[in-house]
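Spelled out, the chains give:
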Amino acid sequence: MNPINLEEIKATDLDVFANAADLRQDLQALAEYVETHEIKRGYRDNRIPQAHQQRLVKPMSDPASAAQKDQFGQARWMEHLDDAAIPNY
């Protein structure tokens, strides 16, 4: 088998992206919140209500990203946490 000739590239101008949110810490915060509050989910979509989502933003590891909402007004990070905690099959 013939060896492959690879060209050397410079890796000095690469952008590094990091997620400031800590999934484990946020899942724990969600579990503690659910323990202390009675959450009645939406009838049709089974989502966490807006009022609870707004209260849940405060204990999150990255409140700025947790407060970002999609076009339907739902917090995307909260939806991700909810799916990670209780997967919908």
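Structure report, in brief.

Definitions and limits used
- Residues numbered from 1 in each chain as written.
- Predicted model: local features only at pLDDT ≥ 70, side-chain atom pairs only at ≥ 80, totals over all residues.
- Heavy atoms only, no water.
- Axes fitted to C-alpha atoms, helices over the stretch in contact; angles between N-to-C directions.
- Helix = DSSP H or I, 4+ residues; strand = E, 2+ residues; numbered from the N terminus.
- Parallel < 35°, antiparallel > 145°, perpendicular 65-115°, else oblique.
- Left-handed = near helix turned anticlockwise from the far one by under 90°.
- Contact = heavy atoms within 4.5 Å.
- Nonpolar A, V, L, I, M, F, W, Y, C, P; charged D, E, K, R; others polar.
- Core = buried A, V, L, I, M, F, W, Y, C linked by side-chain atoms within 4.5 Å.
- Buried < 20%, exposed > 50% of the residue type's maximum accessible area, 1.4 Å probe, protein only.
- Salt bridge = Lys/Arg side-chain N within 4 Å of Asp/Glu carboxyl O.

Quick look at the packing of helix H1 (residues 23-36) against helix H2 (residues 50-57)
Here is step 1 of the chain: H2 packs onto H1 with a crossing angle of 130 degrees between their chain directions and a minimal axis gap of 11 Å. In this view, H1 runs oblique relative to H2, as classed from their interaxial angle. As H1 runs across H2, the sense of the crossing is right-handed. Judged by residue contacts, Ala29, Leu30 and Tyr33 of H1 engage His52, Arg55 and Leu56 from H2.
Here is step 2 of the chain: Grouping the amino acids of the contact of H1 with H2 by side-chain chemistry returns four nonpolar, one polar and one charged.

As for the nonpolar core
Across soluble globular proteins, nonpolar side chains show a tendency to be buried alongside one another.
Here is step 1 of the chain: The biggest cluster of nonpolar side chains holds 13 residues, and the ones touching the most others in it are Leu30, Leu56, Met60, Ala66, Trp77, Met78 and Leu81.
Here is step 2 of the chain: When residues of this core are traced back to their parent elements, those giving at least two are H1, H2 and helix H4 (76-85).
Here is step 3 of the chain: Each residue touching Met60, except ones within four places of it in the same chain, is listed here: Asp26, Ala29, Leu30, Ala66, Trp77, Met78 and Leu81.

Focus: the pattern of salt bridges
Here is step 1 of the chain: Per the stated rule, a full pass over the model turns up two salt bridges.
Here is step 2 of the chain: Between Arg41 and Asp82 there is a salt bridge whose closest N-O contact spans 2.6 Å. In this pair, Arg41 sits in the loop between H1 and H2 while Asp82 sits in helix H4, placing the two residues 41 residues apart along the sequence.
Here is step 3 of the chain: A salt bridge links Glu79 to Arg47, with the nearest nitrogen and oxygen atoms 3.9 Å apart. Here Glu79 is found in helix H4, whereas its partner Arg47 is found in the loop between H1 and H2, with 32 residues between them in sequence.
Here is step 4 of the chain: Residue Glu79 is classed as buried on the basis of its relative accessible area of 16%.

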